[in-house]
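Single-letter residue listing:
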Amino acid sequence: MMQALATDYMEGLRLFYLSRYDEALELLTRAAEAGDMKAQHFLALMYENGNGVEQDPERAAYWYEKTAKQGDREAQLSYAMLCALGRGVEEDLAAACHWAARSLHQGNIKAIQTLRLVRTRTEDLAAEAVEAFKTAHAAGDETQAAAQLERAAECGDLDAQYAYAQLLYNGRGIEENRPLALLWMRDAAQDGHSGALACYEEWTHTQEAVEAAG
């Protein structure tokens with residue numbers, strides 16, 4: 001199955017670069033619909049830029065989202081930008097922050113600028129998420145509290161980033177994920193949160209000590 005997908009994708013690319021666009025589109029779409037991430041991303045680019053097909057922002061957004069959910073950091077950033085612009089999808093600044101943050105945490109430094117620009121417009125969204133976190137926390141709903149704290153962190157609230165990193169580090173209300181916790185703590189520290197800076201330094205030294213001992 002995987003070999004067949006790869007064959008469709010590679011043959012689709014070959015035909016695309018030979019300007020045999022209809023044939024290329026058929027093969028690439030077949031591979032994409034079967035779950036081939038590379039084919040999905042290439043289709044998204046085709047539809048976004050109008051390369052070999054009529055420009056179609058909605059189809060571009062559809063395939064970018066499919067690829068983003070599979071973990072492609074470039075697609076995550078592209079989809080974040082479409083969400084921020086309301087191009088091909090309804091404008092959704094929270095979703096834009098979510099996908100840009102995911103892209104950044106996979107090492108895509110190009111996502112930093114997108115996050116900074118979008119977060120200039122998400123102060124109210126962050127505040128709403130903080131209030132929702134407080135309500136869920138007071139009700140003892142740790143899962144919902146963690147989800148709202150993540151949303152506030154993604155929308156740029158530094159205190160939320162600091163607190164969410166601690167939840168991830170200790171596995172409270174969510175699955176423990178210390179590498180991701182370090183990334184969120186780093187983000188808050190780099191944006192000037194003094195508590196996060198001290199905590200990030202401590203965690204980094206602890207990790208280095210563990211790795212040295214191992």
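Residue numbers restart at each chain and count upward from 1, following the sequence in its written direction. In keeping with the predicted nature of the model, local features appear solely for residues at pLDDT of at least 70, side-chain atom pairs appear and are counted solely at 80 or more, and the whole-chain, interface and lining totals rest on all residues. Only hydrogens and water are set aside; all other atoms, that is, all heavy atoms of the structure, feed into the side-chain values.

A. The overall build of the chain, seen in detail. Counting secondary structure elements, the chain contains 12 helices and 0 strands. Secondary structure elements are taken from DSSP: a helix is a run of H or I of four residues or more, a strand is a run of E of two residues or more, and numbering for both begins at the N terminus. Each helix (α) and strand (β) of the chain, taken in turn from the N terminus, gives the series α-α-α-α-α-α-α-α-α-α-α-α. Taken along its principal axes, the extent of the C-alpha atoms in the chain is 55 × 45 × 30 Å. Here the chain holds 214 residues, and 41% of them are scored as buried. Only heavy atoms matter for contacts: two residues are in contact if any of them lie within 4.5 Å across the pair. Long-range pairs, those at least 24 residues apart, make up 45% of the contacts in the chain with a sequence separation of at least 6. This count recognises Lys and Arg as positive and Asp and Glu as negative, with His and chain-terminal groups excluded. Positions of charges follow a simple convention, taking NZ of Lys, CZ of Arg, CG of Asp or CD of Glu. Distance between charge centroids for the chain: 4 Å, based on 19 positive and 35 negative side chains. To sort residues, take the accessible area from a 1.4 Å probe on protein chains only and compare it with the maximum for the residue type: under 20% means buried, over 50% means exposed, and anything in between is partly exposed.

B. Molecular detail of helix 7 (residues 111-119). Among the residues making up helix 7, those that are buried are A111, T114, L115, V118 and R119. Angular distribution of buried residues about the axis of helix 7 spans 120°; they occupy a single face of the element. Residues of helix 7 that are exposed and point more than 90 degrees away from the buried face comprise Q113, R116 and L117. Those residues of helix 7 that are buried lie in contact with helix 5 (73-85), helix 6 (93-105), helix 8 (123-138), helix 9 (142-154), helix 10 (158-170) and helix 11 (178-190). Arc definition: it is the arc formed by the directions from the helix axis to the C-beta atoms.

C. Broad picture of the packing of helix 2 (residues 21-33) against helix 3 (residues 37-49). Only the stretch in contact is used when a helix axis is fitted, and all axes are lines through C-alpha atoms; the angle between N-to-C directions ranges over 0 to 180 degrees. Closest axis-to-axis distance for the helix 2/helix 3 pair is 8 Å, and the angle between their directions is 130°. On the basis of the axis angle, helix 2 is oblique to helix 3. Note that helix 2 runs across helix 3; the crossing there is left-handed. In this structure, helix 2 uses L25, L28, T29, A31 and A32 to contact helix 3, whose residues at the interface are A39, Q40, F42, L43, M46 and Y47. For the contact of helix 2 with helix 3, a count of residues per class yields 9 nonpolar, 2 polar and no charged. Should an angle lie under 35 degrees it is considered roughly parallel, over 145 roughly antiparallel, and from 65 to 115 roughly perpendicular; all remaining angles are considered oblique. Left-handed describes a crossing in which the near helix is turned anticlockwise from the far one by less than a right angle; the clockwise case is right-handed. Put simply, Ala, Val, Leu, Ile, Met, Phe, Trp, Tyr, Cys and Pro go in the nonpolar bin, Asp, Glu, Lys and Arg in the charged bin, and everything else, Gly too, in the polar bin.

D. Structural detail: the layout of surface pockets. Buriedness for pockets is judged along seven lines, at least five of which must meet protein on both sides within 12 Å for an open set on the 1 Å grid over protein atoms alone, while cavities are sets there where a 1.4 Å probe fits but cannot get out, and lining residues have an atom within 4 Å of a point. Grid points are joined across faces, edges and corners, and a volume is the space filled by probe spheres set on the points. Roughly 280 Å³ of internal volume is contained in the largest pocket. Residue lining of the largest pocket: 14 residues in total, with I112, R116, R119, D187 and D191 positioned closest to the centre. Examining the composition of the lining of the largest pocket, we find that 4 residues originate from one element, helix 7, more than from any other. Taken together, the residues that form the lining of the largest pocket break down as 5 nonpolar, 4 polar and 5 charged.

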